[in-house]
Amino acid sequence: QKEVEQDPGPLSVPEGAIVSLNCTYSNSAFQYFMWYRQYSRKGPELLMYTYSSGNKEDGRFTAQVDKSSKYISLFIRDSQPSDSATYLCAMNSPLSGGYQKVTFGTGTKLQVIP
Amino acid sequence: NAGVTQTPKFQVLKTGQSMTLQCAQDMNHNSMYWYRQDPGMGLRLIYYSASEGTTDKGEVPNGYNVSRLNKREFSLRLESAAPSQTSVYFCASRTTGGLGEQYFGPGTRLTVT
């Protein structure tokens with residue numbers, strides 16, 4: 001079983017729709033929960049992060065973490081064609097010596113249709 | 001600041017050929033990483049360097065070697081390329097501690113025929 005599971009999609013929605021992207025995880029040592037956005041033929045870039053259960057909002061984006069269920073979500077409100085990208089969840093766990101290991105989900109490809 | 005830069009952007013190799021992928025960052029980050037990204041597999045860590053002078057294997061190190069040339073530069077070498085190494089390669093860097101946000105380069109698309 002993978003430490004992080006993510007539905008690969010693709011997910012296709014009309015412009016203005018609410019999008020829900022999800023990941024589940026199995027490692028209780030994960031401390032920080034992140035969402036990266038990757039446009040086609042580009043490197044991933046950090047979109048949002050959180051480290052506690054609950055919601056964190058940034059504009060049209062809301063990151064939600066439920067540590068008891070080991071489940072994280074990213075919601076996109078009023079989705080725009082410019083949101084079309086692959087979204088990767090990522091999680092940190094501590095290693096010895098103060099270093100951290102980052103585990104990525106496989107990514108969900110989102111297409112927002114005008 | 002350029003962030004993380006990678007060269008080359010594209011490369012086609014024949015089986016058995018060797019090449020080095022170059023990566024440099026100008027953010028004074030301690031840690032640097034090499035990933036490969038394949039459809040359905042996500043990002044897989046090949047090697048990482050937690051600080052200048054150290055390197056460690058990641059999830060899929062076989063067939064690769066790395067050199068942390070200095071704090072800015074981290075190169076990935078394929079000694080004898082195989083078709084299974086056809087992939088998109090990303091270099092990333094981050095500072096130590098805290099969130100651990102990684103900053104990625106634009107990637108190198110490698111095809112091995």
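About the cut-offs
Residues numbered from 1 in each chain as written. Chains lettered and ligands numbered in written order. Predicted model: local features only at pLDDT ≥ 70, side-chain atom pairs only at ≥ 80, totals over all residues. Heavy atoms only, no water. Pairing = 2+ DSSP bridges. Helix = DSSP H or I, 4+ residues; strand = E, 2+ residues; numbered from the N terminus. Axes fitted to C-alpha atoms, helices over the stretch in contact; angles between N-to-C directions. Disulfide = S-S within 2.5 Å. Buried < 20%, exposed > 50% of the residue type's maximum accessible area, 1.4 Å probe, protein only. Contact = heavy atoms within 4.5 Å. Buried area = accessible area lost by both parts, 1.4 Å probe. Polar contact = N/O pair within 3.5 Å; in protein donor to acceptor, adjacent residues only side chain to side chain. Nonpolar A, V, L, I, M, F, W, Y, C, P; charged D, E, K, R; others polar. Salt bridge = Lys/Arg side-chain N within 4 Å of Asp/Glu carboxyl O.

Chemist: Sorry if this is basic, but what is going on with the sheet that holds strand β1 (residues 4-7) of chain B here?
Modeler: The strands making up a sheet are joined through hydrogen bonds of the backbone, oriented either antiparallel or parallel. Residue and element names in this part refer to chain B. Within the open sheet, the four strands sit side by side as β1-β3-β8-β7. Their pairing is antiparallel. Every other strand in the sheet has two partners, leaving β1 and β7 (64-68) as the edge strands with one partner each. Direction aside, neighbouring strands of the sheet carry axes that sit 20° apart on average. Looking at chain direction, β1 and strand β3 (residues 19-25) are connected through four bridges and run antiparallel. Within the sheet, the bridge partner assigned to Q6 lies in β3 and is C23.

Chemist: I would appreciate a short explanation of the state of the cysteines in the present structure.
Modeler: Among covalent bonds in proteins, the disulfide is the one between the sulfur atoms of two cysteines. Residues and elements named next belong to chain A. Evaluation of the coordinates by the stated rule reveals two disulfides over all chains. Between the sulfur of C23 and that of C89 lies a disulfide, 2.0 Å long from S to S. Taking the torsion about the S-S bond as the criterion, the C23 to C89 disulfide, at about -100°, is left-handed. Placement of the pair is C23 in strand β3 (residues 19-25) and C89 in strand β9 (residues 85-94), with a sequence separation of 66 residues. The exposure class assigned to C23 is buried, which follows from its relative accessible area of 1%. The buried category is assigned to C89, whose relative accessible area is 0%.

Chemist: Before we go on, may I ask you to explain the environment of P10 of chain A in this structure?
Modeler: All names here are of chain A. With respect to the secondary-structure elements, P10 resides in the loop between β1 (4-6) and β2 (11-14). Residue class for P10 comes out exposed when judged on its relative accessible area of 69%. When the C-alpha atoms of P10 and T106 are compared, they prove to be 12 Å apart, with 96 residues separating the residues in sequence.

Chemist: Help me understand the interface of chain B and chain A, please; the structure alone is not making it clear to me.
Modeler: One frequently used descriptor of interface size is the decrease in accessible area upon assembly of the parts. Between chain B and chain A, the contact holds 24 residues from the first and 21 residues from the second. Summed over both partners, the interface of chain B with chain A buries about 1600 Å², with 57% contributed by carbon and sulfur atoms. The interface formed by chain B and chain A holds two residue pairs in polar contact (both at pLDDT 80 or more) in total. Of all the secondary structure elements, the ones that give two or more residues to the side of chain B that touches chain A are β4 (31-38), β5 (42-49) and β9 (87-94) of chain B. Along the lines of polarity and charge, the residues of the side of chain B that touches chain A split into eleven nonpolar, ten polar and three charged.

Chemist: Would you take a moment to explain the sheet that holds β3 of chain A for this structure?
Modeler: Residues and elements named next belong to chain A. The sheet built from five strands is open, its strands ordered β1-β3-β8-β7-β6 with antiparallel pairing. Both edges of this open sheet fall to β1 and β6 (54-58), since each of them pairs with a single strand only. Strand-to-strand twist across the sheet, computed as the mean angle between neighbouring axes with direction ignored, equals 15°. Pairing between β6 and strand β7 (residues 61-66): five bridges, direction antiparallel. Within β7, the residue paired with G54 across the bridge is V65.

Chemist: So what exactly am I meant to see when it comes to the pairing of strand β11 (residues 108-113) of chain A here?
Modeler: Side-chain positions along a regular strand alternate between the two faces of the sheet. Residues and elements named next belong to chain A. Side chains T108, L110 and V112 project from β11 onto a buried face, and the interleaved K109, Q111 and I113 project onto a face without burial. Bridging between β9 and β11 involves three bridges; their strand directions are antiparallel. The residue of β11 that forms the bridge with T86 is K109.

Chemist: Got a minute to help me understand the pattern of salt bridges in this structure?
Modeler: Side chains carrying opposite charge are able to pair once their charged atoms draw close together. Applying the stated criterion to the full structure yields six salt bridges over all chains. Close ionic contact of D83 of chain A with R60 of chain A constitutes a salt bridge, the shortest N to O distance being 2.8 Å. Taken together, the positions of D83 of chain A in the loop between β8 (71-76) and β9 and R60 of chain A in the loop between β6 and β7 put the pair 23 residues apart, joining distant regions of the chain. For R36 of chain B, the salt bridge goes to D38 of chain B, with nearest N and O atoms at 2.9 Å. Like R36 of chain B, the residue D38 of chain B is buried in the burial classification. Beyond isolated ion pairs, a larger network of salt bridges with shared partners links R36, D38 and R44 of chain B.

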